[in-house]
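Breakdown of the fold
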Number of protein chains: 2
Amino acid sequence: MPKQDRLPKQDRFPKQDRSRATRRRLLEAAVACLAEHGWAGSTVSVVAERAGVSRGAAQHHFPTREDLFTAAVAYVAEERSTALRALFPGAPTEGPADRSAVVAALVDLYTGPLFRAALHLWVAASNEEQLRPQVTELEARVGRETHRIAVELLSADESRPGVRETVQGLLDMARGLGLANLLTDDGARRERVVTQWAALLEEALD
Amino acid sequence: MPKQDRLPKQDRFPKQDRSRATRRRLLEAAVACLAEHGWAGSTVSVVAERAGVSRGAAQHHFPTREDLFTAAVAYVAEERSTALRALFPGAPTEGPADRSAVVAALVDLYTGPLFRAALHLWVAASNEEQLRPQVTELEARVGRETHRIAVELLSADESRPGVRETVQGLLDMARGLGLANLLTDDGARRERVVTQWAALLEEALD
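As annotated in an unreviewed UniProt entry, chain A is TetR/AcrR family transcriptional regulator from Streptomyces himalayensis subsp. aureolus.

If you want it as structure tokens, here you go:
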């Protein structure tokens, strides 16, 4: 990039910023598109149009459709993890978080557009060979990170037998509650289930 | 059907039997097809060919694609419910079933081809208006029936506060475990989680 090298330094940064902003717009549009239209209705063109970006620019950032949607789910999952930690700013170093509130916040991870988008991607990956390796790797990575945050915020002592599996089961339950919310608003039932299992978990972890 | 009315009675039954057998072959082929190829790859023609039935005969039994696949998931879900009850023949009237075994059997409902097929149908219904009402009704019906069997086999006393939600959360966890098994064989981890949650449940229900 000899031409760019001759530009004054302060002019180069805005260009990087613009590129980052374009990338972010594409990722957010891709997740929204997956959540609303499913995998079959989600193409690079549809996302580029939604993001107000040319198809060429979209392909510059993400060479394949698989790259775009896997990166999108990964990006939003990271944003959600950051937001989850921010809900309990002092925990666990300055004191334990309220466990019922942590359980409710963990379950919330699985009931919004991100879970809906991820679900479409997982289900598509189960039948599409070219999507499968990336999504399998992504699912494992997001799963490990969510487990790590859950253990930390719940102040769960995984050196005690059964504690690791208790937390894993809780996240499996959260995933199942997300699925139960796919076709109908399951909020009222979910709240009762979460209250009850938060109480059972409190006993199991103490 | 004046012509059929003139046939001797014993000849009419085999015809009904053949029709029932055709119907069953179509339903089983439809579930296998959904599980393997997803909703996009599952058409009436593909299922008819797999079942060795003409497309016309398939449409005689199931006028629309939505009818065929919704009926298929309903049929296999009923078969699975019957099989689940048969695993614990005396329970609960002649004595309670072993709760750990019941939990394991309930979780098994969500890890085979039926769950995979149902998942494809649910996810497709979340984006396709003409599929949604039938699948929403089906999901509610299968959910109620599974809950009823679980309560019965676990000898859960739902008049006690929290017991209903404990069982619901268990089934949500089972659904989440099914989802975790979609892309990779999650059997080893699942077994440990199921053992731990069965123990938590035992304490909660006693």
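**Some words on the interface of chain B and chain A**
Between chain B and chain A, the residue contacts involve 41 residues of the former and 40 residues of the latter. In total, chain B and chain A occlude about 3,400 Å² of area from one another, counting both sides; carbon and sulfur atoms represent 63% of this. On the chain B side of the interface with chain A, the three residues burying the most area are Leu179, Leu183 and Trp197 of chain B, jointly 21% of the side's total. The interface formed by chain B and chain A includes 16 residue pairs in polar contact (both at pLDDT 80 or more). At the level of secondary structure, the elements contributing two or more residues to the side of chain B that touches chain A comprise helix H2 (9-37), helix H7 (113-125), helix H8 (132-153), helix H9 (163-180) and helix H10 (187-205) of chain B. Of all the elements, H9 of chain B adds the most residues to the side of chain B that touches chain A, at twelve residues. Partitioning the side of chain B that touches chain A into residue classes produces 19 nonpolar, 13 polar and nine charged.

**Examining the pattern of salt bridges**
Tallying each qualifying case throughout the model produces 26 salt bridges over all chains. The closest approach of N and O atoms between Glu145 of chain A and Arg85 of chain A, which form a salt bridge, is 3.8 Å. Here Glu145 of chain A, found in helix H8 (residues 132-153), pairs with Arg85 of chain A, found in helix H5 (residues 65-87); they are 60 residues apart in sequence, far enough to count as distant. Accessibility expressed as a relative area gives 24% for Glu145 of chain A, which makes it partly exposed. The class of Arg85 of chain A is partly exposed, set by a relative accessible area of 27%. In this structure, Asp17 of chain B and Arg20 of chain B form a salt bridge, with 3.1 Å as the shortest nitrogen-oxygen distance. Pair noted here: Asp17 of chain B and Arg20 of chain B are both in helix H2, with a separation of three residues, about one helical turn.

**Digging into the UniProt feature "DNA-binding region" (unreviewed entry) in chain A**
Summarizing the sequence annotation, UniProt attributes the feature "DNA-binding region" (unreviewed entry) to residues 43-62 of chain A in the numbering used throughout. Along residues 43-62 of chain A one finds 75% helix and 0% strand; the C-alpha atoms at either end are 12 Å apart.

**Some points on the relation of the copies chain B and chain A**
Each copy of the sequence occupies a distinct position, and chain B is placed on chain A by a rotation of 180° and an axial shift of 0.0 Å, giving an RMSD of 0.1 Å. Such a combination of turn and shift is consistent with a two-fold rotation axis. Taken together, the interface assignments show that 98% of the residues at the interface of chain B recur at the interface of chain A, consistent with an identical surface on both copies.

Reading the values: rules and limits
- Residues numbered from 1 in each chain as written.
- Chains lettered and ligands numbered in written order.
- Predicted model: local features only at pLDDT ≥ 70, side-chain atom pairs only at ≥ 80, totals over all residues.
- Heavy atoms only, no water.
- Contact = heavy atoms within 4.5 Å.
- Buried area = accessible area lost by both parts, 1.4 Å probe.
- Polar contact = N/O pair within 3.5 Å; in protein donor to acceptor, adjacent residues only side chain to side chain.
- Helix = DSSP H or I, 4+ residues; strand = E, 2+ residues; numbered from the N terminus.
- Nonpolar A, V, L, I, M, F, W, Y, C, P; charged D, E, K, R; others polar.
- Salt bridge = Lys/Arg side-chain N within 4 Å of Asp/Glu carboxyl O.
- Buried < 20%, exposed > 50% of the residue type's maximum accessible area, 1.4 Å probe, protein only.
- UniProt positions renumbered as here; feature names shortened; annotations may be inferred.
- Least-squares fit on C-alpha atoms with pLDDT ≥ 70 in both.

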